[in-house]
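Listed below, chain by chain, are the residues.
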6 protein chains.
Amino acid sequence: MATVPMLSDDQASPESCATFEAIRAARGTDYVNNFWRALAHDPALLAATWNRLAQVMAPGALDPLTKELVYLAVSVANGCDYCIHSHTAAARAKGMSDAQHAELLAVIAMASQTNALATALSVPVDERFRVTSP
Amino acid sequence: MATVPMLSDDQASPESCATFEAIRAARGTDYVNNFWRALAHDPALLAATWNRLAQVMAPGALDPLTKELVYLAVSVANGCDYCIHSHTAAARAKGMSDAQHAELLAVIAMASQTNALATALSVPVDERFRVTSP
Amino acid sequence: MATVPMLSDDQASPESCATFEAIRAARGTDYVNNFWRALAHDPALLAATWNRLAQVMAPGALDPLTKELVYLAVSVANGCDYCIHSHTAAARAKGMSDAQHAELLAVIAMASQTNALATALSVPVDERFRVTSP
Amino acid sequence: MATVPMLSDDQASPESCATFEAIRAARGTDYVNNFWRALAHDPALLAATWNRLAQVMAPGALDPLTKELVYLAVSVANGCDYCIHSHTAAARAKGMSDAQHAELLAVIAMASQTNALATALSVPVDERFRVTSP
Amino acid sequence: MATVPMLSDDQASPESCATFEAIRAARGTDYVNNFWRALAHDPALLAATWNRLAQVMAPGALDPLTKELVYLAVSVANGCDYCIHSHTAAARAKGMSDAQHAELLAVIAMASQTNALATALSVPVDERFRVTSP
Amino acid sequence: MATVPMLSDDQASPESCATFEAIRAARGTDYVNNFWRALAHDPALLAATWNRLAQVMAPGALDPLTKELVYLAVSVANGCDYCIHSHTAAARAKGMSDAQHAELLAVIAMASQTNALATALSVPVDERFRVTSP
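## Focus on the overall build of chain A
Then step 1. The helix and strand inventory of chain A stands at six helices and zero strands.
Then step 2. Shown N-terminal to C-terminal, the secondary structure of chain A runs as helices and strands in the order α-α-α-α-α-α.
Then step 3. At 19 Å, chain A has a C-alpha radius of gyration far larger than the 14 Å of a compact globule built from 134 residues.
Then step 4. For chain A, the spread of C-alpha atoms along the three principal axes comes to 55 × 35 × 35 Å.
Then step 5. Across the 134 residues of chain A, 58% fall into the buried class.
Then step 6. Taking the intrachain contacts of chain A between residues at least 6 apart in sequence as the baseline, contacts between residues at least 24 apart amount to 44%.

## Topic: helix α3 (residues 43-57) of chain E
Then step 1. With 15 residues, α3 of chain E should reach 21 Å at 1.5 Å per residue; the first-to-last C-alpha distance of 21 Å fits that figure.
Then step 2. Turning to α3 of chain E, its buried residues number three or more, namely Leu45, Leu46, Thr49, Trp50, Arg52, Leu53, Val56 and Met57 of chain E.
Then step 3. Buried-residue contacts for α3 of chain E involve α6 (98-121) of chain A, α3 (43-57) of chain B, α1 (14-27), α2 (34-39) and α4 (64-77) of chain E together with α6 (98-121) of chain F.

## Looking at the relation of the copies chain B and chain D
Then step 1. With an RMSD of 0.0 Å, the operation that places chain B on chain D is a rotation of 120 degrees combined with a shift of 0.0 Å along the axis. Both copies are brought into coincidence by an operation consistent with a three-fold rotation axis. Judged by C-alpha distance, Gly79 of chain B is the residue of chain B that lies nearest the rotation axis, at 4.1 Å.

## Quick notes on the side chain of Ser112 of chain D
Then step 1. You can see Ser112 of chain D is positioned in helix α6 (residues 98-121).
Then step 2. At a separation of 2.7 Å, a polar atom in the side chain of Ser112 of chain D contacts the main-chain carbonyl oxygen of Ile108 of chain D.
Then step 3. If near-sequence neighbours (up to four positions away) are discounted, Ser112 of chain D is found in contact with Val74 and Asn78 of chain C together with Ser112, Gln113 and Ala116 of chain E.

## Regarding the interface of chain B and chain A
Then step 1. With 64 residues of chain B at the interface, the matching set in chain A holds 64 residues.
Then step 2. Note on chain B versus chain A: buried area summed over both sides is about 5800 Å², and carbon and sulfur give 72% of it.
Then step 3. When the buried area of chain B at its contact with chain A is split by residue, Met110, Leu121 and Phe129 of chain B rank highest and sum to 11% of it.
Then step 4. At the junction of chain B and chain A, the tally comes to two salt bridges.
Then step 5. Put simply, Glu103 of chain A and Lys67 of chain B hold a salt bridge, and the shortest N to O gap is 3.0 Å.
Then step 6. Along the contact surface separating chain B from chain A lie 28 residue pairs in polar contact (both at pLDDT 80 or more).
Then step 7. Ranked by residue count, the leading element in the side of chain B that touches chain A is helix α6 (residues 98-121) of chain B, at 17 residues.
Then step 8. Here the side of chain B that touches chain A is composed, by residue class, of 40 nonpolar, 17 polar and seven charged.

## Observations regarding the state of the cysteines
In a disulfide, the sulfur atoms of two cysteines are covalently bonded to one another.
Residue and element names in this part refer to chain C.
Then step 1. Under the criterion given, the structure shown has six disulfides over all chains.
Then step 2. Note that Cys80 is cross-linked by a disulfide to Cys83, the S-S spacing being 2.3 Å. Handedness here is read from the sign of the S-S torsion; for Cys80 and Cys83, about 55 degrees, the answer is right-handed.
Then step 3. Of the residues examined, Cys80 reaches a relative accessible area of 1% and is grouped as buried.
Then step 4. Of the residues examined, Cys83 reaches a relative accessible area of 3% and is grouped as buried.

## A word on unusual backbone geometry
Then step 1. One non-glycine residue with positive phi stands out, namely Ser122 of chain A, at about 50 degrees.
Then step 2. Note that Ser122 of chain A resides in the segment after α6.

## Some details on the packing of aromatic side chains
The description of an aromatic ring pair rests on the distance of the ring centres and on the angle between the ring planes.
Then step 1. Considering all chains together, one arrives at 24 aromatic pairs over all chains under this definition.
Then step 2. Ring geometry for Phe35 of chain D and Trp36 of chain D: centres 4.9 Å apart, planes at 75 degrees, overall edge-to-face.
Then step 3. Classification of Phe35 of chain D by relative accessible area gives buried; the value is 6%.
Then step 4. Trp36 of chain D sits in the buried class, given a relative accessible area of 3%.
Then step 5. Through a chain of ring-to-ring contacts, the aromatic side chains of Phe35, Trp36, Trp50 and Tyr82 of chain A together with Phe129 of chain B assemble into a single cluster.
Then step 6. For Arg128 of chain B, the ring lying beneath its charged end belongs to Tyr31 of chain A, and the centroid distance is 3.7 Å.

## Section: the interface of chain B and chain D
Then step 1. Contact residues are listed per partner, giving eight residues for chain B and six residues for chain D.
Then step 2. Across the chain B/chain D interface, buried area totals approximately 530 Å², and carbon plus sulfur atoms make up 65% of it.
Then step 3. Linking chain B with chain D are zero salt bridges.
Then step 4. The interface formed by chain B and chain D contains two residue pairs in polar contact (both at pLDDT 80 or more).
Then step 5. Of all the secondary structure elements, the ones that give two or more residues to the side of chain B that touches chain D are α5 (81-93) and α6 of chain B.
Then step 6. Partitioning the side of chain B that touches chain D into residue classes produces four nonpolar, three polar and one charged.

## Observations concerning the environment of Arg92 of chain B
Then step 1. Of note, Arg92 of chain B is situated in helix α5.
Then step 2. By relative accessible area, Arg92 of chain B is classed as partly exposed at 30%.

## Notes on the packing of helix α4 (residues 64-78) of chain C against helix α4 (residues 64-77) of chain D
Then step 1. Following both chains from N to C, one finds α4 of chain C and α4 of chain D inclined at 30 degrees, their axes separated by 9 Å at the closest point. Overall, the two elements α4 of chain C and α4 of chain D adopt an arrangement that is roughly parallel. As for how α4 of chain C packs across α4 of chain D, the hand of that crossing is right-handed. Taking contact as the criterion, the partners of Thr66, Leu69, Val70, Ala73, Val74, Ala77 and Asn78 of chain C in α4 of chain C are, on α4 of chain D, Thr66, Leu69, Val70, Ala73, Val74 and Ala77 of chain D.
Then step 2. Across the contact of α4 of chain C with α4 of chain D, the residue classes tally to 10 nonpolar, three polar and no charged.

## Describing the relation of the copies chain B and chain A
Then step 1. Aligned on chain A, chain B shows an RMSD of 0.0 Å; the corresponding rotation is 180 degrees and the shift along the axis is 0.0 Å. The superposition operator between the copies reduces to a two-fold rotation axis.
Then step 2. Here 100% of the contact residues of chain B are again contact residues in chain A; the copies associate through an equivalent surface.

## Considerations on the packing of α1 of chain E against α3 of chain E
All names here are of chain E.
Then step 1. Closest axis-to-axis distance for the α1/α3 pair is 8 Å, and the angle between their directions is 20 degrees. Considered as vectors, α1 and α3 are oriented roughly parallel to each other. The way α1 lies across α3 gives a crossing that is left-handed. On α3, the residues that touch Glu15, Ser16, Thr19, Phe20, Ala22, Ile23, Ala26 and Arg27 of α1 are Pro43, Leu46, Ala47 and Trp50.
Then step 2. In terms of residue class, the contact of α1 with α3 is made up of eight nonpolar, two polar and two charged.

## A short note on α4 of chain D
Counting along an α-helix, one turn takes 3.6 residues, and residues three or four places apart therefore face a common direction.
Then step 1. Between its terminal C-alpha atoms α4 of chain D stretches 20 Å, which fits the 20 Å expected from 14 residues at 1.5 Å a residue.
Then step 2. Of all the positions in α4 of chain D, only Leu65, Thr66, Lys67, Glu68, Leu69, Val70, Tyr71, Leu72, Ala73, Val74, Ser75 and Val76 of chain D are classed as buried.
Then step 3. Elements that come into contact with the buried residues of α4 of chain D comprise α4 and α6 (98-121) of chain C, α3 (43-57), α5 (81-93) and α6 of chain D together with α6 (98-121) of chain E.
Then step 4. The opening residue of α4 of chain D, the one whose side-chain oxygen lies 3.2 Å from the backbone nitrogen of Leu65 of chain D, is Asp63 of chain D.
Then step 5. The positive-phi residue at the C-terminal boundary of α4 of chain D is Gly79 of chain D, with phi of around 70 degrees.

## Some thoughts on the pattern of salt bridges
Then step 1. Under the criterion given, the structure shown has 42 salt bridges over all chains.
Then step 2. A salt bridge links Arg130 of chain C to Glu127 of chain C; the nearest nitrogen and oxygen atoms lie 2.6 Å apart.
Then step 3. Notably, a salt bridge pairs Glu68 of chain D with Lys94 of chain D, separated by 3.1 Å at the nearest N-O pair. With a gap of 26 residues between them, Glu68 of chain D in helix α4 and Lys94 of chain D in the loop between α5 and α6 connect regions that are remote in the sequence.
Then step 4. Residue classification places Lys94 of chain D among the partly exposed residues on the basis of a relative accessible area of 38%.
Then step 5. Among the charged side chains, a salt-bridge network with shared partners connects Asp9, Glu21, Arg24, Asp30 and Arg37 of chain A.

Basis of the calculations
Residues numbered from 1 in each chain as written. Chains lettered and ligands numbered in written order. Predicted model: local features only at pLDDT ≥ 70, side-chain atom pairs only at ≥ 80, totals over all residues. Heavy atoms only, no water. Helix = DSSP H or I, 4+ residues; strand = E, 2+ residues; numbered from the N terminus. Rg over C-alpha atoms; globule rule 2.2 N^0.38 Å. Buried < 20%, exposed > 50% of the residue type's maximum accessible area, 1.4 Å probe, protein only. Contact = heavy atoms within 4.5 Å. Expected span 1.5 Å × (residues − 1). Least-squares fit on C-alpha atoms with pLDDT ≥ 70 in both. Polar contact = N/O pair within 3.5 Å; in protein donor to acceptor, adjacent residues only side chain to side chain. Buried area = accessible area lost by both parts, 1.4 Å probe. Salt bridge = Lys/Arg side-chain N within 4 Å of Asp/Glu carboxyl O. Nonpolar A, V, L, I, M, F, W, Y, C, P; charged D, E, K, R; others polar. Disulfide = S-S within 2.5 Å. Phe/Tyr/Trp six-rings, centres within 6.5 Å; stacked < 30°, edge-to-face > 60°. Lys NZ or Arg CZ within 6 Å of the ring centre and 35° of its normal. Axes fitted to C-alpha atoms, helices over the stretch in contact; angles between N-to-C directions. Parallel < 35°, antiparallel > 145°, perpendicular 65-115°, else oblique. Left-handed = near helix turned anticlockwise from the far one by under 90°.

Structure representation (structure tokens):
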């Protein structure tokens, strides 16, 4: 159960409905998922979050699927169950194959393991990893 | 300072030295970074970690750079400073451009933000994200 | 489902029931929420946790609502779903308005984002943030 | 050591320098701290982060000091050392007393402890914490 | 709901079924729990995870119950609800008493609290904790 | 650098000095480590933390070394560098052998990996892990 009511189109303010419409237009679907309906109580936060997300996830130096895989990996590491479900679905919608999903999971598992070891050992950063001035 | 001594080639056991050699051969460099030298006290853990890493990070359904970006993203979310440095360096060695690095950071920041919001709101998972049986 | 049975007043030991009574008296309600009933198997841990909580959350240099907002923010960052629900309810009971809740969420989201960026960039602490001796 | 060079005013692009100037104007100080200099490689991320931060931390339903305390609490829970230092300094600059700092730490410690217990026990959320429809 | 279908014996590949049989043989039970059935889509990841787990959790310098307690503690700190349930059950199956469970919870709570305090205070590591060379 | 000055015996209040003496007496050493000196600004928090720690870590249903191993494991999972160093040292002082340390690290790495996988897969808890009423 959410800690706030999730607003339907009838319950949301005109500002929040405008963001719902922007989400529908960008995604080519009438469905607005629960995350946005839960944010709709705060039209400014809803709009700021959606607008920034649209910018960040747009094609650029990284392709959209790679960005989804990274988003999903962060969501796993942060233990956000909602985000894991929504971004697994989003990655599939952007073409993630079962084989890619499986490799993604293997990389996440590997990183989690070596993160724990490096932290437990408090390994000092190698001098050669130092970034030089521009 | 590490919680264990980091072993030089002279200090490491023959089993650990064999893994050092495997690392050198796979990477085409004589340099063995601190993480492996810290693990060298436990030759079995060192070998198991390296062997699994080599399998997981090999080219497959995902290309090596994508895997590095995911690895780096997990390391940031887990707050492992050593891993952030080593995998930023590894991603650059595999071709990560400054623009790709910048977009990676933007995606990680975005995910961290929406992870926190979805968690704070305890948003229920949408029924349509449900996976159907095979 | 909990990993231990939650004890009713009939099932709890006299020591645990005494803490239940202290909770009821402090809060002016007969209801004892699930967290305390799950802790009731260990009367010493139950009493130690409640007693310390009562001390820490009492009015002091910070007012009780501010303390609840901080408690809620930590619970979000730690991803504790139970605590998010119980402390959202507690903050509302102590007067948190919808507008305050919305701003709290915005601050948590902002912090989560810049935490990730500062960690990813491994930004060194500025010398001027150094605390001087007393 | 940072994973990117931190840019001085001479090294930063005109767009990044414009954000530096906005930071100086808002804070009434010539000093631009390391976080912003590390972000300066990506003028768009730098500007987006600063602009959103300025909005979120402005006085509103919550006063600026309360927002800083929440920001600091999240940074502690996320283990961001840079952010802990910068927001401890910011909270002091906004009037946090030693007594308030001490109480903040006590609340963070308390929340961390009960978060762990509620998670370990997997306590189910009480029905009465459910939010009713608007 | 899982992000992948969980495979029954009829649905799993021969390779995955072979790992199911290894799990059954090692545990002396016909029951294969959901974690392994969710991993079964990737026979290589399933086998690698099980084989490594069997090695790591085998009796050695630490007894199996101690290893389970550590595993459970890590799972709590990482907020993995599934793992908390499965390893609480495993620890009980290996002899964890109610009193041991209660003390384990008290240690986890204590560590979570002092972890937060040491992080918030950014306490420098004492020179005498430094490990000397071999 | 700490976010508060660490207090010497000369700088600390009589109440804090009394806790320093309790620490010395319990440990049989004159050395008071930095964590307690950083807490000394808040004599009540210092005393509450030390007194609870002494209770929790005392021999009971679990032996002191097992408790230290759990404490260390939690500290690794929470990424607390200070705590990792202090509790690695404490575990060694209580008899942790190199072989036990190595196995501890292997269990922590294994748990971190399967925690990530179970979270990424959102594996539902098996019905048979359900705890029955007393």
